Amino acid sequence: MRFLLTFLCLYPVFLTTVENLSLAQALANTVENQMEVQIAEIKVEAQVGLAMQAGGPFDPLIQASLTSTSINDLQDPCLGLRTHRKGYINTLKADITKKTRCGTQFSLEARIDQEKDFFICPFKTNIASLSFNIVQPILRNYGCGLDTTKEIAEKIEVQAAYFDALQTISEKIFNTSVQYWETVAAKKAVVINQEALERLQKLSADIDKLIAEDQMARMEKNQPLEKILFRQLAILQTKQLYFSNIQFLKLAMGSVNPTSCKVEDLLLTDDYPKLHLDIYKFQDIFCDLMEYAIHNRYNILASTLREREAAVLVSGAANSTLPEVDVIAGVKTTDFTRRCQANNFLSPIVMSNPQTEWTIGLSISVPFYNVQAEGLLEQRRAEQMEVIYNTQFLMQDTITNLSAALSDHYALALEVDKASERAKVTQKLIEDERKKLPFGFSNLFILLDYEDRLTDALQQHNDIYKSYLQNIARLRFFTGTLLRRDCCFNNIEVVDVTTLPGVD
C-alpha cells in the first residue's frame, strides 16, 4: 500500500542483525517486518478487490452470436403435408445491455435473419431489426437495490479496512515503544548494579585499610563481602533480564534472529529523554485527549464507518421486500428484403423502407411469500445493532482506559520527581556517613544499609521513569495519535512517542 511505503521512507531500515538501534529505527523495523502489519495490508488489498467485484453488475455487457439452422422435410402450411424439401435460417445477433446504479436497465439489440424456404417462397428472405428497450423499476431495485447497496457497502468497507490497518500499525508501534523502554530500563538496571558493586568494592578496600591500621575489627570485613556477592548475583540476574528483553524487543519488531545469543548483538542508542514536567497541566487536558480519541482512534473510526455500511445494507434489504413494479418502454425498427433482392445477407441494414414499433407497458410481480428477503432484512438489522453496540463499547473502553492512563500519568509525574529527589538525598547520606566512618561516628552497618537504599532509590527512579515513558505511548495509543496522516492516506508518519499530545 502506498501509505505504508511513504512511512517506510522516513527511517533507515535494518533487515539484518542490528548493532545500534534507536527508537525510531525500532519503529521502522516494526512496520517493515511485523507479519501482522503485512497481513493488515493484504486485507486492505483484498477488500479493494471485493469492492471492484461488487461493481460487476453495472458493467456494460456486449454479446454477439451467429447461428445457422438447417430444416429438413419442409411442411406445407395449408395441407400439413411434408414436401421433402430443405431450407435454412441464418441469424446474426448483437446486443449491449447496461444496468445503472439507480436500477434502470438499457438494452440495444441489432439482429439479421435470413430464411430460405423453397416451398413457401422460392427465394431468400432477409429480415433486419434494431430495438432499444428501457426497464425502469419503481419499487424493488429502485435507487437502493441489493446490487447498488452492496457496492456502496464494499466501498465503505475499503476505508474501514484502511483504518483497521492503521489500528494494527498503532498497536505494533505501541508494543515496540513499550518494549523498547522496558529494554532500556533493563540495561540501566545492569549499570545501576555494576555501579553499586564498584562502590562496595571501594568501600571494602577502605575497610581493609582501616583494619590494617587497627581502626576496625577484622570480622567487619565479612559484611561488605556479603554485599559484594549479593550485588554480583544481581548483576547476573539483570543481565539475563536485559537479554530476555532484547529478545522480546526483536519479537515486537518482527525480526527475531534465532542464532543470536549475545547481549552485545543489539545496542540501544536512545536514553531516557529529559522531561520538563508541568504536572498541573495534566489535570486540565482530559477533555482534549478524549476529543483526540473520538476523532483519531482508528478502531472507533472504522466502527463508525461500519455503522454507515450497516445502514446502507439495511436499506437494500428493506428494498428487496417490496413488490416488483417496472415500467417498460421500447422502440423497434424492422425492414426486410425478399426474392431476388435478398442475395446479400447484410442488405437489410440499409433499411430503405422500415416499419417502427413502439412499446410501453407496466410489469407487476407480487410474491405470496418473501421469506428470503424478510430473513435478510432481519439479519441486516441485527448486524446494524451489533455494530452500533460495538462502537459504543469501544468508546466506553477508550474513556475507561484513557481515564486510568491519565490518572497514572499524573501520579507518575509526581513519582519521578520524588524518586529523583530521594536518590539525591540518599547519595548525600552516604557521602556524610563515609566521612564519619574513620572517626568512629558511624558504623559499617549503617553505611551498607545506605548503599542498599541508594541502589534501591536508583532502581526505583529507573522503574518509574520507564513507566512514565511507557504511559506516554499508552496515552498516544488510546488517543489515536501515534500516527499522523493526511485525509487521503498518502502520507503516514510516526509522531514523537516521548511527548504527550497537547501538553509537551
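Provided above is the structure to which this section pertains.
Residues numbered from 1 in each chain as written. Predicted model: local features only at pLDDT ≥ 70, side-chain atom pairs only at ≥ 80, totals over all residues. Heavy atoms only, no water.

A. Representation of the packing of helix 7 (residues 298–320) against helix 8 (residues 371–436) in the model. Between helix 7 and helix 8, the least distance of the axes is 8 Å, while the angle of their chain directions is 165°. Judged on the interaxial angle alone, helix 8 and helix 7 are roughly antiparallel. Between helix 7 and helix 8 the crossing geometry is left-handed. Looking at the contact of helix 7 with helix 8 residue by residue, the classes come out as 14 nonpolar, eight polar and four charged. (Axes fitted to C-alpha atoms, helices over the stretch in contact; angles between N-to-C directions. Helix = DSSP H or I, 4+ residues; strand = E, 2+ residues; numbered from the N terminus. Parallel < 35°, antiparallel > 145°, perpendicular 65-115°, else oblique. Left-handed = near helix turned anticlockwise from the far one by under 90°. Nonpolar A, V, L, I, M, F, W, Y, C, P; charged D, E, K, R; others polar.)

B. Local environment of the nonpolar core. Among the nonpolar cores identified, the biggest contains 56 residues, and Y180 and L483 are the most heavily contacted of them. With 13 residues, helix 4 (residues 146–212) is the largest single contributor of residues to this core. Once residues lying within four places of it in the same chain are set aside, the contact partners of Y180 are L21, S22, L23, A26, L249, L268, T269 and D270. One finds L197, L200, L448 and L454 within the second-largest nonpolar core, a separate group that totals ten residues. (Core = buried A, V, L, I, M, F, W, Y, C linked by side-chain atoms within 4.5 Å. Buried < 20%, exposed > 50% of the residue type's maximum accessible area, 1.4 Å probe, protein only. Contact = heavy atoms within 4.5 Å.)

C. Layout of the pattern of salt bridges. In the structure shown here, the tally under the stated rule is 17 salt bridges. Ionic pairing is found between K227 and D452, a salt bridge with its closest N-O pair at 2.6 Å. In this pair, K227 is assigned in helix 5 (residues 222–253) and D452 in helix 9 (residues 444–479), connecting sequence segments 225 residues apart. For D452, a relative accessible area of 23% corresponds to the partly exposed category. For D456, the salt bridge is made with R422, and the minimal N-O distance between the two is 3.1 Å. With D456 in helix 9 and R422 in helix 8, this residue pair connects regions lying 34 residues apart in the sequence. Classification of D456 as partly exposed rests on a relative accessible area of 43%. Several salt bridges converge on common partners, so that one network encompasses R101, E151 and K155. (Salt bridge = Lys/Arg side-chain N within 4 Å of Asp/Glu carboxyl O.)

D. Region of interest: the side chain of E309. One can find E309 in helix 7. In this structure, E309 is buried with no salt-bridge partner, the nearest side chain bearing the opposite charge being R306 at 4.7 Å. Beyond its immediate chain neighbours, meaning those up to four positions away, E309 contacts A153, I156 and E157. (Lys, Arg positive; Asp, Glu negative; His and termini not counted.)

E. Spotlight on the environment of E451. Locating E451 in the fold gives a position in helix 9. With 22 residues separating them along the chain, E451 and L429 place their C-alpha atoms 9.4 Å apart.

F. Representation of the packing of aromatic side chains within the structure. In this structure the tally under the stated criterion is seven aromatic pairs. For the pair W181 and Y272, a centre-to-centre distance of 6.0 Å together with 45° between the ring planes defines the contact as tilted. Of this pair, W181 sits in helix 4 while Y272 sits in the loop between strand 6 (267–268) and helix 6 (286–296); the two residues are 91 residues apart in sequence, bridging distant segments of the chain. Given the relative accessible area of 14%, Y272 is considered buried. With a centroid separation of 4.9 Å and 10° between ring planes, the pair formed by Y272 and Y465 is classed as stacked. Of this pair, Y272 sits in the loop between strand 6 and helix 6 while Y465 sits in helix 9, and the two are 193 residues apart along the sequence. A relative accessible area of 11% places Y465 in the buried class. (Phe/Tyr/Trp six-rings, centres within 6.5 Å; stacked < 30°, edge-to-face > 60°.)

G. Representation of the side chain of Q47. Counting through the fold element by element, Q47 comes out in helix 3 (residues 35–54). Accessibility expressed as a relative area gives 9% for Q47, which makes it buried. Side-chain polar atoms of Q47 contact the side chain of E154, separated by 2.5 Å. Residue contacts for Q47: discarding those within four places in its chain leaves E154, E157, V158 and A161. (Polar contact = N/O pair within 3.5 Å; in protein donor to acceptor, adjacent residues only side chain to side chain.)

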